[in-house]
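Per-entry structural report
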Amino acid sequence: MTPTVRAAAAPADVPARPRRMSLRVRLTFTYAALFVVAGVVLLGVTYVLFTQKVAEGRVKVISTTQRTGGPGNGAAQPSERYMIDGPGGPPTAGSQLERLAREQSDRLREAAATSLITQGAVALAVVGGAATGFAWLIAGRTLAPLHRVTETARRIAAAPAADRGLHERIALRGPDDEVKELADTFDSMLERLDRSFDGQRRFVANASHELRTPLTLGRALVELAMHRRSASPDVRRLGESLLQINARHERLIDGLLLLARSDHEITERAPVDLADVVGHVTAQTEAEARETGVRVHEQADEAPTSGDALLLERLVQNLVENGIRHNVPDGGWVRVSSRTRGDGMVEVEVANTGPVVPPYEIAGLFEPFRRMNRDRVVDAKGAGLGLSIVRSIARAHGGAVTAVPRDGGGLVVTVTLPAEPGAAAALYPAGSRTIPVG
């Protein structure tokens, strides 16, 4: 099975990690567990104190004898009365009534203790449930700023390019606590990164524009010297070499300008059919392919999308030119195809023969000024920006680029872009393949 090296992966390609218990759930469980433990301890202490208090105040029956009748009546008749005596009362002899009273007292004490435990447990369960609900709300309110920080970081990480979304800020309002300090620190980091990336883009664009003028002037002077009647053959040969060097530098500057432009998000989109782009690019590169002895095969099926037509044309052109220039000397071929996939995406695939490419080298080919053989000589076939521009344009259009080594040598590069169902209808009304003008 051929290994796949992704030059730019979409966020959906990242494997999903197993879902763990959220911090809010853990905090809720912690708060509820602490409350239940505290309630159980309180209920246990209450039960112990209650049983001790009841044991100290046990019911006692005291039997006494007193005489009844008048003063003249000397007969003494026994009469019993019952008293409930607490601790420290006078000792009395046991009797049946006293035993019954004690048993009833014990039953009352046990019933009271059981009622205390049962009703206390029910009350603890009810209040514990309410406490769990309040804990859930409090934990959610406490973690809301952290969720805001996470959502902002996720949006920035999901941007198609590294510098997209850096203009966003959390701007957290609230008490000056640790969470607000974290949000403010995150905003400061984003601001510095945004300034750094923006300064880098401006530097590339300004430097490229500043370099165009001396190169244009130098080319004009070389051409003027070459076409003079008094120019010797040596001067003409030197002029041709200088013009080749100048042309390479101009291509390098054009590539830098395009790379800086394609790193910006596409705001104005127009319907584009990649099949037309593939046909147009194939016709443009036919002369170069014929000179190098490379055959270009085209299989352009309808692939409607939306974006910047010039950038998408440059994307396909870079891939085709890369396949032509990095090919075998004789008998090589380049196959260009476009199609619509069933998952709401369209793709352009460019495969070519050529030298064997190790899989570990592919990721580096999409970096600026990187070539497989580390070639940086003057007569190099390109400036080393072709695939970097392809990746930047694909990202600017919300797409991705994948590359795999082809069996027998060469590469298979696939650009995937979001499909635009209405693009075909806008380009070709009533099923016509004629693009309306005016």
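Bear in mind that the values here come from a model prediction, so they are computed numbers and not experimental data.

Analysis parameters
Along each chain, the written sequence defines residue order, and numbers are assigned to residues from 1. Thresholds applied to this predicted model are a pLDDT of at least 70 for local features of residues and 80 or more for the giving and counting of side-chain atom pairs; totals over whole chains, interfaces and linings are not thresholded and use all residues. Water and hydrogen atoms were dropped before computing side-chain values, which therefore reflect all heavy atoms in the structure. Orientation is described by axes fitted as lines to C-alpha atoms, over the contacting stretch for helices, and by angles from 0 to 180 degrees between their N-to-C directions. Each helix corresponds to a stretch of at least 4 residues labelled H or I by DSSP, and each strand to a stretch of at least 2 residues labelled E; elements are numbered beginning at the N terminus. Here a crossing is called left-handed whenever its near helix is offset anticlockwise from the far helix by less than a right angle, and right-handed whenever the offset is clockwise. The contact definition used throughout considers only heavy atoms, calling two residues in contact when any of these lie within 4.5 Å. Under the grouping applied here, Gly and all other residues not named as nonpolar or charged are polar, the nonpolar ones being Ala, Val, Leu, Ile, Met, Phe, Trp, Tyr, Cys and Pro and the charged ones Asp, Glu, Lys and Arg. Residues grouped as a nonpolar core are buried Ala, Val, Leu, Ile, Met, Phe, Trp, Tyr and Cys residues, joined through side-chain atoms within 4.5 Å. Note on classification: 1.4 Å probe, protein chains only; a residue is buried when its accessible area is under 20% of the maximum for its type, exposed when over 50%, partly exposed between these limits. Multiplying one less than the number of residues by 1.5 Å gives the expected span of a helix. A pocket here means an open set of points on a 1 Å grid, computed over the protein atoms alone, that has protein on both sides within 12 Å along at least five of seven lines. A cavity is instead a set of points where a 1.4 Å probe fits but cannot get out; residues with an atom within 4 Å of a point line either one. Grid points are joined across faces, edges and corners, and a volume is the space filled by probe spheres set on the points. In the sections that follow, a salt bridge refers to a side-chain nitrogen of Lys or Arg positioned within 4 Å of a carboxyl oxygen of Asp or Glu. The quantity known as pLDDT measures the predictor's confidence residue by residue, on a range of 0 to 100. At least two bridges found by DSSP between two strands is the condition for calling them paired. Residues form patches when they are more than 30% accessible in relative terms and have no salt bridge. Like charges link within 9 Å. Nonpolar side chains (Val, Leu, Ile, Met, Phe, Trp, Tyr) link within 5 Å. Exposure was quantified through the Shrake-Rupley algorithm and a 1.4 Å probe, taking into account, for residues, occlusion by the shown protein chains and nothing else. Asp and Glu count as negative and Lys and Arg as positive, but His and the ends of the chain are not part of the count. Note that the charge is assigned to NZ on lysines, CZ on arginines, CG on aspartates and CD on glutamates. Any N or O atom pair separated by 3.5 Å or less is treated as a polar contact, with the protein-specific requirement of one donor-capable and one acceptor-capable atom, and with residues adjacent in sequence counted only for side-chain atom pairs. Comment on the angle field: the value is read as roughly parallel under 35 degrees, roughly antiparallel over 145, roughly perpendicular from 65 to 115, and oblique elsewhere.

Here the focus is the packing of helix α7 (residues 309–325) against helix α9 (residues 386–396). Packing of α7 against α9 brings their axes to within 9 Å, and their N-to-C directions diverge by 145 degrees. Crossing of α7 against α9: the hand is left-handed. On α9, the residues that touch L311, L312, R314, L315, N318, L319 and N322 of α7 are G386, L387, I389, V390, I393 and A394. A class-by-class count of the residues in the contact of α7 with α9 yields 9 nonpolar, 3 polar and 1 charged.

For the rest of this paragraph, the subject is the nonpolar core. Nonpolar side chains in soluble globular proteins tend to end up buried together. Within the largest apolar cluster, 36 residues are counted, with the highest numbers of intra-cluster contacts made by L315, V316, L319 and V415. Every element with two or more residues in this core is listed here: α5 (274–284), α7, β5 (332–340), β6 (345–352), α8 (359–365), α9, β7 (400–405) and β8 (411–418). Ranked by residue count, the leading element in this core is α7, at 7 residues. Those residues within four positions of L315 in sequence are excluded, and the remaining contacts are V390, I393, A394 and V415. Within the second largest apolar cluster, 9 residues are counted, among which are I170, A183, F186 and L190.

Okay, helix α3 (residues 178–226) next. The end-to-end C-alpha distance of α3 is 71 Å, a good match for the 72 Å that 49 residues give at a rise of 1.5 Å each. Those residues of α3 that sit buried are V179, K180, A183, F186, D187, L190, R201, S208, L215, V222 and M226.

Let us look at empty space enclosed by the protein. This model, assessed by the stated rule, comprises 1 cavity of 30 Å³ or more. By volume, the largest cavity amounts to about 40 Å³. Around the largest cavity, the lining residues are L319, N322, G323, V350, N352, L387, L411 and V413. Those elements that provide at least two residues to the lining of the largest cavity are α7, β6 and β8. The dominant element in the lining of the largest cavity, judged by the number of residues it contributes, is α7, at 3 residues.

Moving on, we come to the pattern of salt bridges. Under the defined criterion, the tally for this structure stands at 10 salt bridges. For the salt bridge of R195 with E191, the shortest nitrogen-to-oxygen distance reads 3.2 Å. With a gap of 4 residues between them, R195 and E191 both fall in helix α3, about one helical turn apart. Since its relative accessible area comes to 39%, E191 is described here as partly exposed. A salt bridge links E286 to R290, with the shortest nitrogen-to-oxygen separation between them at 3.2 Å. Separated by 4 residues within a single helix, E286 and R290 lie in helix α6 (residues 286–292), roughly one turn from each other.

Across the chain, pLDDT averages 76, with 74% of residues at or above 70. Mean pLDDT values for the elements of the chain range from 43 in strand β1 (residues 5–6) up to 94 in β6. Across residues 1–15 the pLDDT falls below 50, and counting only partners more than four positions away or on other chains, this stretch makes 28 contacts in the model.

Where strand β3 (residues 294–300) meets β5, 7 bridges bridge the pair, whose relative direction is parallel. From the neighbouring strand, H297 faces β5, where its bridge partner is R335. In this structure, β5 lies alongside β6, joined through 7 bridges in antiparallel fashion. Residue pairing in the sheet places S337 in a bridge with E349 of β6. What sits between the antiparallel neighbours β5 and β6 is a turn of 4 residues, in which G344 has the positive phi angle 80 degrees.

Turning to the environment of G129, a few remarks are in order. In this structure, G129 sits in helix α2 (residues 96–157). Sequence-wise, G129 and A32 are 97 residues apart; in three dimensions their C-alpha atoms are separated by 8.1 Å.

Residues D176, D177, E178 and E181 make up a contiguous surface patch of negative charge. You can see D176 is positioned in the loop between α2 and α3. Judged by relative accessible area, which is 73%, D176 ranks as exposed.

In this section: the side chain of R391. Within the secondary structure, R391 is located in helix α9. Polar side-chain contacts of R391 include one of 3.0 Å to the backbone oxygen of F366.

With that settled, consider the packing of α2 against α3. For the pair α2 and α3, the least separation of the axes is 9 Å and the interaxial angle reads 20 degrees. Viewed along their axes, α2 and α3 adopt a mutual orientation that is roughly parallel. Two packed elements cross with a definite hand, and for α2 against α3 that hand is left-handed. Of the residues in α3, those touching α2 at P145, L146, V149, T152, A153 and I156 are V179, L182, A183, F186 and L190.

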